[in-house]
Amino acid sequence: MSDDQHYDVIVIGSGAGGGTLTHRLAPTGKRVLLLERGDYLPRERANWDSTEVFVNGKYRAPEFWLDNHGEEFPPEVNYYVGGNTKFYGAALFRLRPQDFGEIQHFGGKSPAWPIDYQDLEPYYTQAEHLYLVHGQHGEDPTEGPVSAAYRYPPVQHEARIQQLSDDLEKQGLHPFHLPIGVNLVQDERGRATHTSACIRCDRVDGFPCIIRAKSDAQVICVDPALTYGNVTLLTNAYVERLETDNTGRAVQSVVTQLGDGSTVRLSADVVVVACGAVNTAALLLRSANSAHPNGLANNSDVVGRYYMRHNNLALMGVSNEPNPTTFQKTLAINDWYLRADDWDYPLGGIQMLGKSDDEQIRANAPRWAGKVSPGMPFEVLAHHAVDFWLCGEDLPAPDNRVTLEKGGQIRLSLDQNNNVEGVKRLMHKLEGMLGDLGMHKHRLIDHSIYLHKGMPIGATAHQAGTVRFGTDPASSALDVNCKAHDLDNLYVVDTSFFPSIGAVNPSLTAIANALRVGDHIVESLG
């Protein structure tokens, strides 16, 4: 790789945003260079080892960021081809139509987007089809109108989760099949057929898929894109900064450190950043120059600000009867997404998590073992566990932000009590139903300690909002097509562009938007 390489498009980052965009551009014949700071994830037995993945953090990036107080913490980031989708749970939800408008929360206002649900709806459908999403439209009363059905049927509930669904319906609620991206073919009983790539195992949530059956960006987008001769992937390529031309209106060079330690300057007609909300902001900030003293795309001073990550709780109920479920991540409820019968503000949604095992529980048991019946060994507890993921909306605040220390280290300032009342009430709703759902009353265990390793600020899987888009250059960094207001050839297509985050997993929205922006870039290139 030499300095004289010029491309039509350079994409920085190969996750849900960058990988999908590359897939969109591949058939156009345009010369596309995809830069990924990591390498391919090793395929090995440790991919599915709970202790290695969750406790030892084997695949987590070996770096530390600073919090508000200057204390170091290890962020949950992974630098591999496919980005963080290698480790996501593949729950691929659309935002609700209301999420695109202003919503009053107990803790403040969620701002409106410069586009509405219908602008993104065709791309949501394309994203669902591309990422092999299994689901059933029409079950969730909060979802918006759709232009086409899911291409793949919902993943069928196993017996204990079907019973949970039935019990929730008896409470007057509307459980629905969780939309999930897996390459699964089911027989009439819901079992994986002999031709199915997915085997319906218990490793779907938080583990990389060793058999390539989870719809991550590498498998779905990057690898197929590389079959085109006009697409090049460069791994172990860390982009140090972006340099602008003499006018300050265009990115002229992508300064990249290669795996051998050498540095090259690459160029393209269009440069797209998709490093994740924290690292994208960091790249733009460290690219400051005389024309852009506060960083690229930052005349508005919003780059790095308005960081969001959801108010999440990972909780475990203890079933009266054993829960032999293997593939547990098949159910969700959004009945209190926008409001509750006893509260006029949004609470959020509840989803199933992947099934806990005794290794995950035992590893962190000392922190809460006294709250669990001493007569219930870890193996028995795991066999009775029913795992829930509660997701509430985090509101954008200007002081929740990414900044850089003098040496370049990332500082992530975050108010962890931002709009948390809704998800607390959501937890109380779930607690109040335990007895009616066939579970021990008053035994709802917070096991986020092993999912997040006791570092809530480090739970960055749903990061968003640091390079927000909008119509006003004074209050946003990007226009409605996710092009920087201040530069003519710089785009951002990861979740940085979100002005609000809603209360569902952000991946499908990032994927759909990457397809939308890809169409715009193709049109602009001619």
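Residues numbered from 1 in each chain as written. Predicted model: local features only at pLDDT ≥ 70, side-chain atom pairs only at ≥ 80, totals over all residues. Heavy atoms only, no water.

What follows concerns the overall build of the chain. Along its length, the chain carries 11 helices and 21 strands. Over its C-alpha atoms the chain spans a radius of gyration of 22 Å, differing by no more than 12% from the 24 Å that the globule rule assigns to 526 residues. A buried classification covers 61% of the 526 residues belonging to the chain. Sequence-distant contacts, at least 24 apart, represent 73% of the contacts inside the chain between residues at least 6 apart. Of the roughly 19,800 Å² that the chain leaves accessible, carbon and sulfur atoms contribute 47%. Averaging the locations of the 45 positively and 64 negatively charged side chains of the chain gives two centres separated by 3 Å. (Helix = DSSP H or I, 4+ residues; strand = E, 2+ residues; numbered from the N terminus. Rg over C-alpha atoms; globule rule 2.2 N^0.38 Å. Buried < 20%, exposed > 50% of the residue type's maximum accessible area, 1.4 Å probe, protein only. Contact = heavy atoms within 4.5 Å. Areas by Shrake-Rupley, 256 points an atom, 1.4 Å probe, with all protein chains shown as cover. Lys, Arg positive; Asp, Glu negative; His and termini not counted. Charge placed at Lys NZ, Arg CZ, Asp CG, Glu CD.)

Here we come to the packing of helix H3 (residues 117-130) against helix H11 (residues 507-525). Two numbers describe how H3 lies on H11: the axes approach to 8 Å, and their chain directions differ by 110 degrees. If you check the angle between H3 and H11, you find them roughly perpendicular. For the crossing formed where H3 meets H11, the hand is right-handed. For the pair H3 and H11, the contacting residues are Leu120, Tyr123, Tyr124, Gln126, Ala127, Glu128 and Leu130 in the first and Leu508, Thr509, Ile511, Ala512, Asn513, Leu515, Arg516 and Asp519 in the second. Class assignment of the residues belonging to the contact of H3 with H11 gives a composition of 9 nonpolar, 3 polar and 3 charged. (Axes fitted to C-alpha atoms, helices over the stretch in contact; angles between N-to-C directions. Parallel < 35°, antiparallel > 145°, perpendicular 65-115°, else oblique. Left-handed = near helix turned anticlockwise from the far one by under 90°. Nonpolar A, V, L, I, M, F, W, Y, C, P; charged D, E, K, R; others polar.)

This part is about the pairing of strand E13 (residues 263-273). Among the 11 residues of E13, 8 are classified as buried, and the element is accordingly described as predominantly covered. Here strand E1 (residues 6-12) pairs with E13 via 6 bridges, running parallel. Looking at the pairing, valine 11 lines up with valine 272 of E13. The sheet contact formed by strand E12 (residues 251-257) and E13 spans 4 bridges and is antiparallel. Of the residues in E13, the one forming a bridge with valine 255 is arginine 265. (Pairing = 2+ DSSP bridges.)

So, about the pattern of salt bridges. With the rule as written, the count across this model stands at 24 salt bridges. Linking glutamate 63 and arginine 37 is a salt bridge whose minimum nitrogen-to-oxygen distance equals 4.0 Å. Highlighted residues: glutamate 63 in the loop between helix H2 (50-55) and strand E3 (65-66) and arginine 37 in the loop between strand E2 (32-35) and H2, separated in sequence by 26 residues. A residue is classified by how much of its surface remains accessible, and glutamate 63, at 19% relative accessible area, is buried. (Salt bridge = Lys/Arg side-chain N within 4 Å of Asp/Glu carboxyl O.)

Between its first and last C-alpha atoms helix H4 (residues 159-170) spans 17 Å; for 12 residues at 1.5 Å apiece the expected length is 16 Å, and the two agree. All of the buried residues in H4 are Arg160, Ile161, Leu164, Ser165, Asp167 and Leu168. Burial along H4 is one-sided: seen end-on, the buried residues are contained in an arc of 165 degrees. In H4, the exposed residues that point more than 90 degrees away from the buried face are Ala159 and Lys170. Of the residues one or two after H4, glycine 172 is the one with positive phi, at around 85 degrees. (Expected span 1.5 Å × (residues − 1). Arc of directions from axis to C-beta.)

Turning our eyes to something else, we now look at the packing of helix H1 (residues 18-25) against H11. Viewed as axis vectors pointing N to C, H1 and H11 meet at an angle of 40 degrees, and their least axial separation amounts to 8 Å. Relative to H11, the element H1 lies oblique. In this structure, H1 meets H11 at a crossing whose hand is right-handed. Every residue of H11 that contacts H1 at Thr20, Leu21, Arg24 and Leu25 is listed here: Ile511, Ala514, Leu515, Val517, Gly518, Asp519, Ile521 and Val522. Across the contact of H1 with H11, the residue classes break down as 8 nonpolar, 2 polar and 2 charged.

The next point concerns the confidence of the model for the chain. Of the residues in the chain, 93% have a pLDDT of 70 or more, and the chain-wide mean is 92. With pLDDT under 50 throughout, residues 365-374 is counted as low confidence; its partners more than four residues away or in other chains account for 12 contacts. A low-confidence stretch, residues 447-455 (pLDDT under 50), is modelled with 33 contacts involving residues beyond four sequence positions or located in other chains. (pLDDT = per-residue confidence, 0-100.)

The biggest cluster of nonpolar side chains holds 117 residues, and the ones touching the most others in it are Ile12, Leu35, Leu242 and Leu490. When residues of this core are assigned to their parent elements, the largest contribution, 8 residues, is made by H11. Look past the residues within four positions of leucine 242 in its chain and what remains in contact with it is Ile12, Val251, Ser253, Val254, Val271, Val273, Leu283, Leu284, Ser287, Leu296 and Leu490. Grouped together as the second largest cluster of nonpolar side chains are 25 residues, Ile333, Val423, Met427 and Leu430 included. (Core = buried A, V, L, I, M, F, W, Y, C linked by side-chain atoms within 4.5 Å.)

Further remarks concern the packing of aromatic side chains. Centre distance and the angle of the planes are the two values used to describe a pair of aromatic rings. Going through the model one piece at a time under the given rule, you end up with 17 aromatic pairs. Residues tryptophan 113 and phenylalanine 497 carry aromatic rings whose centres are separated by 5.6 Å and whose planes lie at 85 degrees to one another, so their mutual orientation is edge-to-face. With a gap of 384 residues between them, tryptophan 113 in the loop between strand E6 (108-110) and H3 and phenylalanine 497 in the loop between strand E21 (490-492) and H11 connect regions that are remote in the sequence. Taking the relative accessible area as the measure of exposure, tryptophan 113 reaches 7% and is therefore buried. Owing to a relative accessible area of 0%, phenylalanine 497 belongs among the buried residues under this scheme. Ring-pair connections join several aromatic residues into one group, and the members of that group are Phe100, Trp113, Tyr117, Tyr124, Phe469, Phe497 and Phe498. In this arrangement the basic side chain of arginine 31 is found over the ring face of tyrosine 7, its NZ or CZ atom lying 4.6 Å from the centre. The residue whose ring lies beneath arginine 468 is tyrosine 306, and the NZ or CZ to ring-centre distance is 3.8 Å. (Phe/Tyr/Trp six-rings, centres within 6.5 Å; stacked < 30°, edge-to-face > 60°. Lys NZ or Arg CZ within 6 Å of the ring centre and 35° of its normal.)

Our focus in this paragraph is unusual backbone geometry. Phi at alanine 90 is positive, roughly 60 degrees, even though this residue is not glycine. The exposure class assigned to alanine 90 is buried, which follows from its relative accessible area of 0%. The phi angle at arginine 212 is positive, at roughly 60 degrees, despite the residue not being glycine. Considering the arrangement of structural elements, one finds arginine 212 in the loop between strand E9 (180-181) and helix H5 (217-225).

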